[in-house]
Amino acid sequence: MRSDLVDIAGVIHHQTEKAILFSETGDKDDAVWLPKSVVEVEHDPKKPDYVTVTLPERFAKDRGLI
């Protein structure tokens with residue numbers, strides 16, 4: 001059975017109570033808002049500025065992340 005979830009590494013530039021501003025490149029100009037209700041965020045202990053977000057593949061495509 002294939003999962004519809006994807007993991008994408010990147011940076012959180014800003015966050016609110018309901019969303020994160022995330023980019024794969026580390027450039028805020030490339031960042032997109034992702035609702036926290038749709039993503040899971042895992043912080044990288046070796047690289048404090050980097051995270052991995054897990055989200056549905058379709059949502060990632062709609063936001064231009066894949």
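**Notes on the sheet that holds strand 3 (residues 32-35)**
The strand order 3-2-1-5-4 describes an open sheet built from five strands, whose pairing is antiparallel. Looking along the sheet, the strands with just one partner apiece sit at the ends: strand 3 and strand 4 (40-43). The mean inter-strand angle of the sheet, taken between neighbouring strand axes irrespective of direction, is 50°.

**A closer look at the nonpolar core**
Core analysis: the biggest nonpolar cluster contains 14 residues, and Ile8, Ile20, Phe22, Leu34, Val53, Leu55 and Leu65 have the highest contact counts within it. Breaking this core down by element, the ones donating at least two residues are strand 1 (5-15), strand 2 (19-23), strand 3, strand 5 (50-56) and helix 1 (57-62). Excluding anything up to four places from it in sequence, Val53 contacts Val6, Asp7, Ile8, Ile20, Phe22, Glu40 and Val41.

Conventions and cut-offs
- Numbering of residues begins from 1 in every chain and follows the order in which that chain's sequence is written.
- This being a predicted model, a pLDDT of at least 70 is required before a residue's local features are given, and a value of 80 or more before pairs of side-chain atoms are given or counted; all residues contribute to the totals for chains, interfaces and linings.
- Side-chain measures here rest on the full set of heavy atoms in the structure, leaving out hydrogens and waters.
- Whether two strands pair depends on DSSP finding at least two bridges between them.
- Comment: elements are numbered from the N terminus, with helices defined as DSSP H or I runs of at least four residues and strands as E runs of at least two.
- Axes here refer to lines fitted to C-alpha atoms; in helices the fit is confined to the stretch in contact. Angles between the N-to-C directions go from 0 to 180 degrees.
- Buried Ala, Val, Leu, Ile, Met, Phe, Trp, Tyr and Cys residues form a nonpolar core when they are joined through side-chain atoms within 4.5 Å.
- Burial classification: accessible surface area is computed with a 1.4 Å probe over protein chains only, and a residue below 20% of its type maximum counts as buried, one above 50% as exposed, and the rest as partly exposed.
- Should any heavy atoms of two residues lie within 4.5 Å, those residues are considered in contact.

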